[in-house]
Amino acid sequence: MDINFDLIISGCNTRCRHCYVNGGPGRSIPLPDALRCIARLDELGAALPVPASFTMDNEPFNHPDIAAIIRAAASVKHIAHFHHGMTTGIALLRRPDKEAAVRAYLDCGYKDFGITLHGSPEHHDEIVRREGACEASVKAAEFLKSCGAELSVSLMMNRFFPEDAGWISRTLDQLRPDFIFFAVPNYTPHASMTEYEPYRASLADLQALSGRLELWGQKTSECLCNAEKSTPAAMAEQLEQGLSLQDLFAQKQEELYLSVHQDRLLYMGNTGAETACLGDLDTIDIAAAAGKISRAPGNRDYGAFYAPDLLPGQEELICALKRLPPDTLYGDPASVICRGLAELRIPTRILA
């Protein structure tokens with residue numbers, strides 16, 4: 001079992017339409033609380049029977065004391081700090097001490113940073129709901145590289161990509177990233193997800209990019225093969241051929257996510273998908289919390305969001321999937337199932 005804690009350091013500068021992690025403005029956790037949470041996570045890591053990690057979100061560069069926080073994160077002994085390095089760029093560029101902030105990361109051994117592109121500036125800014133966000137991402141990427149950081153670019157596939165392909169290629173040539181990731185946003189059962197539906201790409205949109213994918217560092221055949229499995233039509237066909245919904249929900253998941261909010265409360269579940277509150281991280285009994293976490297099942301996919309006794313019948317779900325546009329891309333098969341259940345208005349057990 002892989003265990004990860006999501007420590008929310010400060011709010012985000014964008015409100016991406018596909019975001020499931022409570023993106024958008026939010027207060028920064030006070031520095032003493034941040035340092036205390038990191039120390040307590042280290043204690044919790046020591047008490048767990050398997051290795052654990054923690055990640056700092058949503059936009060650490062918004063925190064005025066990020067240098068002190070990142071040094072504390074690098075000094076833990078019993079839990080790993082997983083640095084994903086993704087940034088909107090907006091918070092970084094407006095910092096008067098941006099060189100020192102980046103240098104704190106680099107000095108602690110965190111050299112990987114990344115940005116996400118949703119297409120041309122017009123479309124990117126529309127999807128993240130922040131004017132000038134695309135320009136800030138590109139400028140931040142250039143700044144990070146000038147500081148000696150390694151740069152990754154995540155291309156977040158949407159229906160605009162075929163018409164924005166030229167701009168994307170020129171920007172990648174300009175940035176020359178060390179890594180390029182290509183992703184289709186997953187569908188998870190959060191209210192905000194419905195706002196992204198008009199922007200979802202189709203299999204035909206992806207096929208239109210066949211001549212570009214290799215230039216973007218992707219394997220065309222692999223991308224198309226994965227996408228073909230993640231459409232409502234493909235999932236309906238699998239269910240008709242005997243794939244059991246109950247068996248899917250019974251499958252063991254090997255990833256367990258927890259989150260710590262700015263008020264220090266520790267939750268079971270990823271940020272935006274919390275299913276139980278374990279208490280204030282500052283005061284909880286570490287041994288008792290470690291025991292609860294050790295006994296908890298994985299919670300990455302649909303099994304964590306729905307009560308099995310509320311699942312619909314097989315035929316009902318197949319009919320719901322067939323009502324959806326057949327070749328819409330939903331990221332992975334689990335996301336297609338969640339979309340079908342949303343079509344049927346099956347309630348979830350997400351608390352937040």
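The structure reproduced in this document is the subject of the present report. Counting of residues starts from 1 at the beginning of each chain's written sequence and follows it residue by residue. Whole-chain, interface and lining totals are the exception, using all residues; otherwise, since this is a predicted model, local features are given only for residues with pLDDT of at least 70 and side-chain atom pairs are given and counted only at 80 or more. Heavy atoms from the whole structure form the basis of all side-chain values; hydrogens and water molecules are not counted.

## A look at the sheet that holds strand β6 (residues 179-183)
Between any two strands, pairing holds if DSSP finds at least two bridges. To qualify as a helix, a DSSP run of H or I must reach at least 4 residues; to qualify as a strand, a run of E must reach at least 2; elements of each kind are numbered from the N terminus. If you trace the three strands from one edge of the open sheet to the other, you get β4-β5-β6, paired in parallel fashion. The sheet is open, and its two edges are formed by β4 (112-117) and β6, each paired on a single side. In this sheet, neighbouring strand axes are inclined to one another by 20 degrees on average, regardless of whether the strands run parallel or antiparallel. Along the sheet, helix α7 (residues 161-175) makes contact with β4, β5 (150-156) and β6, crossing β5 at roughly 180 degrees. For helices, the fitted line uses only the C-alpha atoms of the stretch in contact; every axis is such a line through C-alpha atoms, and the angle between N-to-C directions lies from 0 to 180 degrees. The contact criterion used throughout is that any non-hydrogen atoms of two residues lie within 4.5 Å.

## A closer look at the environment of Ala-80
In this structure, Ala-80 sits in strand β3 (residues 80-81). Here Ala-80 falls in the partly exposed class, since its relative accessible area comes to 43%. Once the C-alpha coordinates of Ala-80 and Thr-55 are considered, the two residues, 25 residues apart in sequence, prove to be 8.8 Å apart. Excluding its chain neighbours within four sequence positions, the residues that come into contact with Ala-80 are Ala-52, Ser-53 and Phe-54. Throughout, exposure labels follow a simple rule: accessible area from a 1.4 Å probe, protein chains only, divided by the maximum for the residue type, with under 20% read as buried, over 50% as exposed, and the rest as partly exposed.

## Structural notes on the sheet that holds strand β7 (residues 255-260)
Across the sheet, which stays open at both edges, the six strands sit in the order β3-β2-β1-β7-β8-β9 with mixed pairing between neighbours. Across the chains shown, the open sheet's two edge strands, defined by having one partner strand only, are β3 and β9 (276-280). Here strand β1 (residues 2-10) pairs with strand β2 (residues 52-58) via seven bridges, running parallel. Across the sheet, the residue bridging to Phe-5 is Phe-54, located in β2. Sheet strands touched by helix α1 (residues 31-47): β1, β2, β7 and β8 (265-268). Its angle to β1, the strand with the most contacts, is close to 175 degrees.

## Regarding the packing of helix α14 (residues 314-323) against helix α15 (residues 333-343)
Between α14 and α15, the shortest axis-to-axis distance is 9 Å and the interhelical angle comes to 95 degrees. With respect to α15, the element α14 is oriented roughly perpendicular. Packed against α14, whose contacting residues are Leu-317, Ala-320, Leu-321 and Arg-323, the element α15 presents Val-336, Ile-337, Gly-340, Leu-341 and Glu-343 at the interface. For this classification, Asp, Glu, Lys and Arg are treated as charged, while Ala, Val, Leu, Ile, Met, Phe, Trp, Tyr, Cys and Pro are nonpolar and the rest, including Gly, are polar. A per-class count over the contact of α14 with α15 returns six nonpolar, one polar and two charged. Working definition: roughly parallel below 35 degrees, roughly antiparallel above 145 degrees, roughly perpendicular at 65 to 115 degrees, and oblique for all remaining angles.

## Considerations on the pattern of salt bridges
Here, a salt bridge means any side-chain nitrogen of Lys or Arg that lies within 4 Å of a carboxyl oxygen of Asp or Glu. Tallying each qualifying case throughout the model produces 16 salt bridges. When the shortest N-O distance is used, the salt bridge between Lys-139 and Glu-135 registers 3.0 Å. In this pair, Lys-139 and Glu-135 both sit in helix α6 (residues 133-146), four residues apart, roughly one turn of the helix. Take Lys-139: its relative accessible area is 43%, and that puts it in the partly exposed class. For Glu-135, a relative accessible area of 47% translates into the label partly exposed.

## Overview of the nonpolar core
By size, the foremost hydrophobic cluster in this structure holds 49 residues, and its most contacted members are Phe-5, Ile-38, Phe-54, Met-56, Leu-258, Leu-266 and Ile-293. When neighbours within four sequence positions are excluded, Phe-5 is seen to be in contact with Leu-41, Leu-44, Leu-48, Ala-52, Ser-53, Phe-54, Thr-55, Ile-79, Leu-258, Leu-266 and Ile-293. Membership of the second largest hydrophobic core comes to 28 residues, among which are Leu-317, Leu-321, Leu-341 and Ile-350. Definition of nonpolar core: a set of buried residues of the types Ala, Val, Leu, Ile, Met, Phe, Trp, Tyr and Cys, connected through side-chain atoms within 4.5 Å.

## Concerning α14
The periodicity of an α-helix, 3.6 residues per turn, causes residues three or four places apart in sequence to face the same way. Taken together, the buried positions of α14 are Leu-317, Ile-318, Ala-320 and Leu-321. Relative to the axis of α14, the buried residues are bounded by an arc of 160 degrees and lie together on one face. Residues Glu-315 and Lys-322 are exposed on α14 and point more than 90 degrees away from its buried face. As used here, the arc belongs to the directions running from the helix axis to the C-beta atoms.

## Observations concerning the packing of helix α11 (residues 232-240) against α14
Relative orientation of the contacting elements α11 and α14 amounts to 160 degrees, with a least axis distance of 9 Å. As far as their axial angle goes, α14 and α11 are roughly antiparallel. Of the two possible hands of crossing, α11 and α14 adopt the one that is left-handed. Residues Pro-232, Met-235, Ala-236, Leu-239 and Glu-240 of α11 form the contact with α14, whose own contacting residues are Gln-314, Leu-317, Ile-318, Leu-321 and Lys-322. Partitioning the contact of α11 with α14 into residue classes produces seven nonpolar, one polar and two charged. Each crossing gets its handedness from the near helix: less than a right angle anticlockwise from the far helix is left-handed, clockwise is right-handed.

## Details of the pairing of β1
Counting buried residues in β1 gives eight out of nine residues, a clear majority hidden from the surface. Where β1 and β7 come together, six bridges link them in parallel fashion. Counterpart to Asn-4 in the pairing with β7 is Tyr-257.

## Looking at the state of the cysteines
Any two cysteine sulfur atoms lying within 2.5 Å of each other are counted as a disulfide. According to the stated counting rule, one finds zero disulfides in the structure shown. With no disulfide of its own, Cys-16 lies 6.0 Å from the sulfur of Cys-19, the closest cysteine sulfur. On the basis of relative accessibility, which here comes to 17%, the residue Cys-16 falls in the buried class.

## Brief notes about unusual backbone geometry
Of note, the bond from Asp-57 into Asn-58 is cis; its omega dihedral lies within 30 degrees of zero at -10 degrees. Here Asn-58 lies in strand β2. Not every positive phi belongs to a glycine, and Arg-129 is a case in point at roughly 60 degrees. The exposure class of Arg-129 is partly exposed, given its relative accessible area of 26%. For Arg-176, which is not glycine, the phi torsion reads 45 degrees and is therefore positive. Along the chain, the position of Arg-176 falls in the loop between α7 and β6. On the basis of relative accessible area, Arg-176 is assigned to the exposed category, the value being 62%.

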